[in-house]
Amino acid sequence: MDLRIHSAFLPHADPEASLAFYRDTLGFEVRSDVGGGTMRWITVGPPGQPGTSIVLHPPAADPGITDDERRTIIEMMAKGTYGMLILSTADLAGTFERLQATDAEIVQEPVDQPYGVRDCALRDPAGNLIRINERR
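Conventions we followed
- Every chain begins its residue count from 1, and numbering advances along the sequence as written.
- Where local features are concerned, this predicted model is filtered to residues with pLDDT of at least 70; where side-chain atom pairs are given and counted, the filter is 80 or more; whole-chain, interface and lining totals use all residues.
- Computation of side-chain values: all heavy atoms of the structure, hydrogens and water removed.
- For helices the rule is a DSSP run of H or I covering at least 4 residues; for strands it is a run of E covering at least 2, with both sets numbered from the N terminus onward.
- For a helix, the expected span equals 1.5 Å multiplied by the residue count minus one.
- Remark: exposure states derive from per-residue accessible area (1.4 Å probe, protein chains only) relative to the maximum for the residue type, with buried under 20%, exposed over 50%, and partly exposed in between.
- When we speak of the arc, we mean the arc of directions from the helix axis to the C-beta atoms.
- Contacts are assigned to residue pairs that have any heavy atoms within 4.5 Å of one another.
- By the convention used here, strands pair only if DSSP detects at least 2 bridges between them.
- To define axes, lines are fitted to C-alpha atoms, for helices over the stretch in contact only, and angles between the resulting N-to-C directions are given on a 0 to 180 degree scale.
- Salt bridge, as used here: a side-chain nitrogen of Lys or Arg that lies within 4 Å of a carboxyl oxygen of Asp or Glu.

**Points about helix H2 (residues 67–79)**
Then step 1. If you check H2, its first and last C-alpha atoms are 19 Å apart, about what 13 residues at 1.5 Å a residue would give, namely 18 Å.
Then step 2. Within H2, the full set of buried residues consists of Arg70, Ile73 and Met77. For H2, the angular spread of buried residues about the axis comes to 60°, placing them on one side. Of the residues in H2, the exposed ones pointing more than 90 degrees away from the buried face are Glu75, Ala78 and Lys79.
Then step 3. Looking at the buried residues of H2, the elements they touch are strand E1 (7–11).

**So, the environment of proline 110**
Then step 1. Within the fold, proline 110 resides in strand E6 (residues 105–112).
Then step 2. Put simply, proline 110 and alanine 93 are 17 residues apart on the chain and 7.2 Å apart in space, counted from C-alpha to C-alpha.
Then step 3. If we skip the residues at most four places from it in the chain, proline 110 touches Leu92, Phe96, Arg118, Asp119 and Cys120.

**Points about helix H3 (residues 92–100)**
Side chains of residues three or four places apart in an α-helix project in the same direction, reflecting 3.6 residues per turn.
Then step 1. Residues of H3 that are buried: Leu92, Gly94, Thr95, Phe96 and Leu99.
Then step 2. On the buried face of H3, the contacting elements are helix H1 (15–25), strand E5 (84–89), E6, strand E7 (118–123) and strand E8 (129–134).

**A short note on the pairing of strand E4 (residues 53–57)**
Then step 1. The element E4 is largely enclosed, with a buried count of five among its five residues.
Then step 2. Judged by which residues are buried, E4 turns out to be covered on both faces: Ser53, Val55 and His57 on one side and Ile54 and Leu56 on the other are all buried.
Then step 3. In this structure, strand E3 (residues 39–45) lies alongside E4, joined through three bridges in antiparallel fashion. Bridge pairing links valine 44 to isoleucine 54 in E4.

**Some points on the pairing of E7**
Then step 1. Taken across its six residues, E7 has five buried, putting it largely inside the fold.
Then step 2. Between E6 and E7, which pair antiparallel in sequence order, lie five residues; one of them, glycine 116, sits at a positive phi of approximately 100°.
Then step 3. Strand direction decides the pairing type here: E7 and E8, joined by five bridges, are antiparallel. For leucine 122, the partnering residue across the bridge sits in E8 and is isoleucine 130.
Then step 4. Counting the residues that bridge the hairpin from E7 to E8 gives five residues, and of these glycine 127 lies at a positive phi of roughly 100°.

**Some remarks on the sheet that holds E6**
Then step 1. Here we have four strands laid out as an open sheet, ordered E5-E8-E7-E6, and mixed in their pairing. Unpaired on one side and paired on the other, E5 and E6 mark the two borders of the sheet. In this sheet, adjacent strand axes meet at a mean angle of 15° when their direction is disregarded.
Then step 2. For E6 and E7, the ladder comprises five bridges, and the chain directions are antiparallel. Bridge pairing in E7 places aspartate 112 opposite arginine 118.
Then step 3. Strands E5, E6, E7 and E8 of the sheet are contacted by H3, whose axis makes an angle of about 160° with E6.

**Some points on the pattern of salt bridges**
Then step 1. On inspection of all chains with the given rule, the structure shows ten salt bridges.
Then step 2. Salt-bridge contacts for glutamate 16 lead to arginine 40; the nearest nitrogen and oxygen are separated by 2.4 Å. One end of the pair, glutamate 16, is in helix H1; the other, arginine 40, is in strand E3, and 24 residues separate them in sequence.
Then step 3. Residue class for glutamate 16 comes out partly exposed when judged on its relative accessible area of 47%.
Then step 4. Across the pair arginine 131 and aspartate 119 runs a salt bridge, and its minimum N-O distance is 2.8 Å. Here aspartate 119 lies in strand E7 and arginine 131 lies in strand E8, a separation of twelve residues in the sequence.

Written out as structure tokens, the structure reads:
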């Protein structure tokens, strides 16, 4: 089989804040922006990687979930325990320095993890955890 990751989905609580974070803070390209108000689906991706995208979506839009499930999702997003993304960079120190110069919510400074990677962590405006691994 020849399988590739095409899209991953992360919820947003505020489409404008999420758009600014992924576009301006992380430098991702905006590939699509559909819908309106809080009901927007924004597709972003890293420059030079047109086949890989992240779809930022309204978490409560799925008609298959109950009101209780919607509340749980929103509570988990607020705590930062719902969505997660792992990125990588060849220059973790430089990337972290640039992130510190923004208003990004830093969760962890670069550190060598006991499981073999060096990484840092931050949260996007919706509370999604983003870890950035250093490519070795």
